[in-house]
Amino acid sequence: MRRLPLFVALLATSAIAHAGDKPLYQPMPDWVKPAPAIDATKLGDDAPMLLVFDNQQRLENGRAWSYMETATRAASAEALSSIGTIKIEWQPSQGDLIVHRAQIIRGAERIDLIKGGNPLTVLRREEGMEQRMLDGRLTATMPVEGLRVGDVLDVAFSVTRRDPTLKGDVQAFAPLLSAPLRVQFARAALSWPAGSDIKWKAYAAGVTAQPVTEGGYKTLSIAMPLAKQPDMPDDAPARFAKLPLLELTSFADWASVSKVMAPLYATAGTIAPGSALAAEVTRIKAAESDPLKRAALALQLVQEKIRYLMLGMDTGNYVPQSPAQTWESRYGDCKAKTLLLLALLHEMGIEAEPVTANSRLGDLVPTRLPSAAAFDHVLVRATINGETLWLDGTAAGARLADIHDTPPRGYVVPLRASGAEPMRIALHAPARPDIAMTASYDQGAGIGLPAPFSVSVTVKGALAQSVRLAKAQGSSDDFEKFVRQMINSFDKDANLVSQAVSFDDAAGTATVTASGIAYPDWNRENERWRRPLYRIQADFSPDRARAAWKDIPVKTDAPFYVTLRTRLRLPRGGFTIDGAKAEQAVLAGQAVDRSVALDGEWIVADDKTTSSGVEIPVADIPAERRKVAAAKANAPRAVAPADYPSSWDEIAAARRDKKLDPILAVYARQIRERPDQRSSYTDRAWFLEKVYDRKAAIADLDKALAIEPDADTYVKRARLYAALGNDAKALADAIEANRIDPSDDAALGRLATARADRGEKAVALELIQERIDQGDKNKASYLSFKADLQMQFGDKDGAIETIDSAIGLKPADAGLLNARCWLKGLGNIALDTALKDCTKAIALSDNSAGVLDSRAMIYFRMGRMDEALADLDSALAIVPDMAASLYMRGVIRRHSGKTQEGDRDLAAARTLSPQIDREYTRYGIVP
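Here is what the cut-offs are and how they apply
Residues numbered from 1 in each chain as written. Predicted model: local features only at pLDDT ≥ 70, side-chain atom pairs only at ≥ 80, totals over all residues. Heavy atoms only, no water. Pairing = 2+ DSSP bridges. Helix = DSSP H or I, 4+ residues; strand = E, 2+ residues; numbered from the N terminus. Axes fitted to C-alpha atoms, helices over the stretch in contact; angles between N-to-C directions. Expected span 1.5 Å × (residues − 1). Buried < 20%, exposed > 50% of the residue type's maximum accessible area, 1.4 Å probe, protein only. Contact = heavy atoms within 4.5 Å. Disulfide = S-S within 2.5 Å. Core = buried A, V, L, I, M, F, W, Y, C linked by side-chain atoms within 4.5 Å.

## Section: the sheet that holds strand β15 (residues 245-249)
Working step 1: Across the sheet, three strands lie side by side as β10-β15-β12; this open sheet has antiparallel pairing. Bordering the open sheet on either side are β10 (171-175) and β12 (199-202), each of which pairs with just one other strand. Along the sheet, successive strands turn relative to each other by an average axial angle of 15°, direction set aside.
Working step 2: Looking at chain direction, β10 and β15 are connected through five bridges and run antiparallel. Each bridged residue has a counterpart across the sheet, and for Ala172 the counterpart in β15 is Leu248.

Below, the structure is given as structure tokens:
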């Protein structure tokens with residue numbers, strides 16, 4: 001549906017004989033009641049931008065005359081730009097454009113823009129564009145010279161229309177404005193002869209006006225803006241929508257609309273004997289004897305051989321072009337495609353008729369006034385072997401397997417010479433998948449490591465057409481982006497390195513394949529690693545709490561069919577699956593059929609989901625919520641064995657067994673494919689750091705910085721240099737990061753840390769104090785950072801005073817309470833109050849591992865080693881690779897005579913954090 005400028009009254013009815021393809025310049029008609037005059041001398045800065053919106057229409061003798069006045073204030077430079085050109089569209093084949101007034105109001109001055117000439121230029125589309133649109137529209141346009149900020153642009157014009165296809169009936173609608181839109185004066189006024197049988201309906205809430213008879217005409221006048229319209233839930237069916245429209249019609253009923261439109265789709269004689277189209281009919285009949293297969297071939301012909309071009313049916317272009325013209329030009333809109341398909345089917349002796357539909361508001365049709373304007377689409381209803389088929393020539397990729405699929409159009413009206421009432425399309429799920437995806441994750445190296453990843457996605461219909469267009473019309477970079485977005489809709493963290501596409505014309509499908517690196521999400525729960533196995537989970541959370549919504553059912557998704565197969569390679573035996581291993585249910589209107597199983601070293605999860613577009617009654621919402629919640633709670637997950645190795649042991653084993661090589665091969669391919677992209681090197685650097693190859697990670701970051709220096713990469717390299725004990729290079733990188741982006745918190749923090757590591761107390765504290773003095777939202781965090789530095793430099797009292805100030809800003813912040821507990825432990829001071837801080841922080845924390853580590857330090861300082869060990873064990877059960885907890889547990893174990901166990905913990909801590917001994921020795925803690 002084309003969107004016209006706001007000041008054009010969008011009519012679906014027709015007018016008197018046209019006067020040509022140029023605007024007329026005449027006074028306003030005598031039946032128009034002028035809007036109040038604008039006094040620009042009294043407009044303040046708080047005046048609305050839209051001052052007048054006056055739409056008056058008259059319906060008479062099969063003609064609709066729409067008068068429109070808008071007065072818009074150029075309140076700003078932006079507003080000036082948006083209103084600085086007058087544009088008015090009309091259809092000269094069906095009526096006139098009459099310009100009554102165009103003026104600038106500047107204070108008490110009125111500047112006439114159309115005085116003494118024809119200032120509006122008529123724009124004609126170039127030939128190619130005319131062929132694409134084929135609606136006969138012209139645009140009268142005029143740049144408004146001399147318009148200034150503060151001026152008012154006042155324009156008044158009429159558009160007349162008469163559509164002979166409606167056989168004397170008329171129809172019209174007017175937009176109804178509502179708050180919060182601000183306007184000084186707004187009106188919608190429609191009039192018609194008092195004796196004519198005109199029906200009207202306003203869908204918006206709060207319309208109380210009634211027609212008034214005066215001078216032989218009934219006039220319905222509605223003052224605007226209306227009150228703010230009631231909110232509606234997003235998942236409400238379309239029939240509950242409050243359209244911001246006033247509709248009028250002279251059609252007696254839907255059968256009358258059907259009768260008027262039916263002759264437009266008569267097919268007799270439209271395919272001439274011996275013509276090219278007749279040859280197509282002969283070809284199809286020779287290829288297949290089954291009428292169902294013939295219908296499928298005819299539909300495929302129309303969908304694939306005729307380009308779709310929107311002709312704007314809902315703006316009054318109701319007449320389809322002939323099948324011969326459509327075939328010759330190889331383009332057409334829904335009307336042309338429908339007439340061509342009907343002609344083909346009728347030539348084959350297949351029963352078929354046109355049905356008119358609304359692409360978005362079909363559910364609302366029975367409650368609307370009968371008019372041709374209620375529709376913006378037309379398709380074919382065929383009957384074969386007693387079955388109803390809905391065939392849409394504007395769809396894409398349909399094949400025999402899809403011929404029983406149902407389009408989500410709600411109510412449609414068959415176009416018959418005898419007339420017909422609206423009928424509802426009974427929906428069901430598609431016969432074959434819209435999307436069929438298989439994704440494989442190779443976690444043979446370990447569940448804590450990235451996984452080489454491959455995926456295949458096969459799509460049909462419009463999705464396949466989108467893939468074909470993306471491949472044919474875009475650059476290789478554009479197509480790569482298209483595929484990445486497509487795959488990331490299923491796995492948002494997958495990093496694609498290669499992609500390819502193939503097409504199966506016989507099946508009407510496109511298959512996209514891709515490979516790269518993925519990052520499967522394993523979560524720690526009850527001391528076991530777990531990973532969800534289904535990529536999609538049903539969600540059902542309709543809001544019907546408001547009294548006005550209590551009777552509104554829930555609309556579910558339009559018919560679709562998706563299959564997902566996920567294959568997960570495991571690093572070793574001992575893995576199990578918890579939750580439901582098989583499920584067949586209907587959840588939130590979606591039918592799911594799922595299964596998961598162990599197959600050797602692979603877990604395979606199959607997930608089939610279909611939707612038929614059903615509605616869920618309000619009474620069923622609570623039960624449906626419970627079903628969805630239960631399904632989520634019982635969703636299967638892969639569970640690692642209880643003795644699964646730590647991350648450092650996992651990495652050591654993978655390196656020893658060369659299981660890191662497949663992962664490194666993917667990163668190497670990414671670099672080969674995209675050697676000039678910084679991310680190719682930063683991605684591999686991230687992995688190399690993860691497997692503790694810090695020197696190799698630095699080498700990759702060197703290459704990334706050579707391509708494009710940035711603060712974040714310098715910060716990363718500074719962190720790696722610091723881990724290797726190269727304080728000088730760490731400082732140099734931190735300085736450069738801070739120079740590139742002085743506002744970056746990470747760069748500043750790294751610089752202050754690097755200064756502190758070199759003993760530069762005053763400089764480090766000054767850097768942080770500068771941010772504290774700025775008093776922004778991160779002030780408490782910077783105070784905490786300062787306290788850490790003060791404790792590092794031995795200023796225990798100053799550190800506690802500073803962290804107290806931070807907590808004063810955020811008294812219930814678990815992180816700050818934990819920081820004070822930790823600082824007291826490091827300084828070996830106020831240990832009794834430190835315990836209180838930690839206990840309170842644990843109660844406030846979502847993840848208590850860090851606080852347990854801090855409390856263990858307090859117990860250690862107090863000599864309560866068993867309690868310290870208990871907290872460290874608990875912390876490591878939550879976060880197994882927390883270096884601080886491993887180090888302290890190693891220290892305590894060694895002090896208690898468990899040298900071997902302690903050394904193992906210390907070695908792990910040093911692997912994770914090579915400079916950890918230096919940090920703890922500073923506070924007198926040594927193994």
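## So, helix α24 (residues 865-878)
Working step 1: With 14 residues, α24 extends 20 Å from end C-alpha to end C-alpha; this agrees with the ideal 20 Å at 1.5 Å per step.
Working step 2: Within α24, the full set of buried residues consists of Ala868, Leu869, Asp871, Leu872, Ala875, Leu876 and Ala877.
Working step 3: Close packing links the buried residues of α24 with β27 (523-525), α23 (849-861) and α25 (883-895).

## Focus on the state of the cysteines
Working step 1: Taken as a whole and judged by the stated rule, the model has one disulfide.
Working step 2: The disulfide partner of Cys821 is Cys838, and the S-S distance across this bridge is 1.9 Å. A torsion of -95° about the S-S bond marks the disulfide between Cys821 and Cys838 as left-handed. Taken together, the residues span a long stretch of sequence, with Cys821 in helix α21 (residues 814-827) and Cys838 in helix α22 (residues 831-844) at a distance of 17 residues.
Working step 3: Under the relative-accessibility criterion, Cys838 is labelled buried at 0%.

## Some thoughts on the environment of Tyr692
Working step 1: On the secondary structure map, Tyr692 appears in the loop between α13 (678-690) and α14 (694-707).
Working step 2: Between the C-alpha atoms of Tyr692 and Ser913, which are 221 residues apart in sequence, the distance is 9.6 Å.
Working step 3: The residues contacting Tyr692, other than those within four sequence positions of it, are Ser647, Trp648, Ile651, Thr911 and Leu912.

## What to know about unusual backbone geometry
Working step 1: Residue Ala179 is joined to Pro180 through a cis peptide bond whose omega torsion reads 15°.
Working step 2: With respect to the secondary-structure elements, Pro180 resides in the loop between β10 and β11 (183-193).
Working step 3: Following Met224, the chain continues to Pro225 via a peptide bond in cis, the omega torsion being 5°.
Working step 4: Looking at where Pro225 falls in the secondary structure, it is placed in the loop between β14 (217-224) and β15.
Working step 5: In this structure, Asn385 is a non-glycine residue whose phi angle is positive, near 55°.
Working step 6: Within the secondary structure, Asn385 is located in the loop between β19 (377-384) and β20 (387-391).
Working step 7: Despite not being glycine, Lys658 has its phi angle at roughly 60°, a positive value.

## Overview of the nonpolar core
Working step 1: Formed by 76 residues in total, the largest nonpolar core has its most connected members in Leu449, Ile803, Met857 and Tyr920.
Working step 2: Ignoring sequence-local partners within four residues, the contact set of Met857 consists of Trp822, Gly825, Leu826, Met888, Tyr920 and Ile925.
Working step 3: Formed by 50 residues, the second largest nonpolar core is a distinct cluster that contains Val302, Ala343, Ala352 and Val413.

## Digging into the sheet that holds β20
One key point about sheets: their strands pair by backbone hydrogen bonds, in either a parallel or an antiparallel sense.
Working step 1: The strand order across the open sheet formed by five strands is β20-β19-β18-β21-β22, and the pairing between neighbours is antiparallel. Edge positions in the sheet fall to β20 and β22 (423-424), since each of these pairs with one other strand and no more.
Working step 2: Pairing of strand β21 (residues 411-414) with β22 involves two bridges; the strand directions are antiparallel. Residue pairing across strands places Tyr411 opposite Arg424, the latter belonging to β22.
Working step 3: Strands in contact with helix α7 (residues 334-347) are β18 (351-357), β19 and β20; relative to β19, the strand with the most contacts, it is inclined by about 20°.

## Some remarks on the pairing of strand β34 (residues 602-611)
Consecutive side chains of a regular strand alternate in pointing toward one face of the sheet and then the other.
Working step 1: Judged by how many residues are buried, β34 sits mostly within the fold: eight of 10 residues are covered.
Working step 2: In terms of strand pairing, strand β30 (residues 560-569) meets β34 through 10 bridges, oriented antiparallel. Its bridge partner being in β34, Val562 is matched across the sheet by Thr609.
Working step 3: One ladder, built from 10 bridges, connects strand β33 (residues 590-599) with β34; its direction is antiparallel. Residue Val592 lies in a different strand from β34, and its bridge partner there is Thr609.
Working step 4: Hairpin connection, β33 to β34: the antiparallel pair is bridged by two residues, and Gly600 has positive phi, about 65°.

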